[in-house]
Amino acid sequence: DAGVIQSPRHEVTEMGQEVTLRCKPISGHDYLFWYRQTMMRGLELLIYFNNNVPIDDSGMPEDRFSAKMPNASFSTLKIQPSEPRDSAVYFCASSLWRDGSSYNSPLHFGNGTRLTVT
Amino acid sequence: DAKTTQPPSMDCAEGRAANLPCNHSTISGNEYVYWYRQIHSQGPQYIIHGLKNNETNEMASLIITEDRKSSTLILPHATLRDTAVYYCIVRPRGYGANSKLTFGKGITLSVRP
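Everything numeric here is computed off the predicted structure, so don't read it as measured data.

S.K.: Break down the pairing of strand E4 (residues 45-50) of chain B for me, with residues and values.
M.R.: All names here are of chain B. Relative to E4, strand E3 (residues 31-38) runs antiparallel, the two sharing five bridges. Within E4, the position partnered with Val33 by the bridge is Gly50. Counted along the chain from E3 to the antiparallel partner E4, the turn is six residues long, and its residue Ser41 has a positive phi close to 70°.

S.K.: Talk me through the packing of aromatic side chains; I want residue IDs and the actual numbers.
M.R.: Evaluated as defined, the whole model comprises 13 aromatic pairs over all chains. Measuring from ring centre to ring centre gives 5.5 Å for A:Tyr35 and A:Phe109, while their planes differ by 50°; the resulting arrangement is tilted. Linking A:Tyr35 in strand E4 (residues 31-38) with A:Phe109 in strand E10 (residues 108-109), this pair joins segments that are 74 residues apart in sequence. Ring plane angle 20° and centroid distance 6.4 Å describe the contact between B:Tyr34 and B:Tyr36, whose orientation is recorded as stacked. Of the two residues examined, B:Tyr34 and B:Tyr36, each falls in the buried class.

S.K.: Break down the sheet that holds strand E1 (residues 5-7) of chain A for me, with residues and values.
M.R.: All names here are of chain A. Reading across the sheet, the four strands line up as E1-E3-E8-E7 and stay open at both edges, with antiparallel pairing between neighbours. Edge strands, defined here as strands with exactly one partner in the open sheet, are E1 and strand E7 (65-71). Taking the axes of each pair of neighbouring strands and ignoring which way they run, one obtains an average angle of 15° across the sheet.

Analysis parameters
Residues numbered from 1 in each chain as written. Chains lettered and ligands numbered in written order. Predicted model: local features only at pLDDT ≥ 70, side-chain atom pairs only at ≥ 80, totals over all residues. Heavy atoms only, no water. Pairing = 2+ DSSP bridges. Helix = DSSP H or I, 4+ residues; strand = E, 2+ residues; numbered from the N terminus. Phe/Tyr/Trp six-rings, centres within 6.5 Å; stacked < 30°, edge-to-face > 60°. Buried < 20%, exposed > 50% of the residue type's maximum accessible area, 1.4 Å probe, protein only. Axes fitted to C-alpha atoms, helices over the stretch in contact; angles between N-to-C directions.

Take a look at the structure:
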């Protein structure tokens, strides 16, 4: 399996522009998570989906951020309009909940998208 | 509201065992201890997890104290590629509202030649 695939790897944009980050989870996984990492705040959970449905978006910083999961193999995180303080590395992760399992399955992370807003 | 406490950094010599401590004194009975690591410029990588018994896999061993208030991740023969930030996380069993994986600051392990 190729693992979680994120694109682009790097994104540089100007303030006010729309930014779309993309994620392809591991095939068969039913949970998808979006995280953001900065030096100041570390890794923060933004939103997560179960079976393509958003479950908890309480970590989304403000209305400028939106996330969708139109199908089981694709998710996007959009920032519109972008601001310099959105500069960070954005990670996507997926996992599979094994019904009846005695534990949560681990999250598998992609290698992130480094966003720079100037 | 950190649920785990880790020292900020430690180092060890290549080839030696690296013992990474973690305190989780408020852990509840249905919470697991997870360890992830993050190598520079990569996404976090799952290492191991456990509830109350010691666990071992191809990457590491996890030793959980009997009262479950602390644990130690052991890398038996550290290599330079093990240099990374290691996160100790407690997470409730099951999914739903409690399925969030909340990362703290972690411990930076530096393996020296």
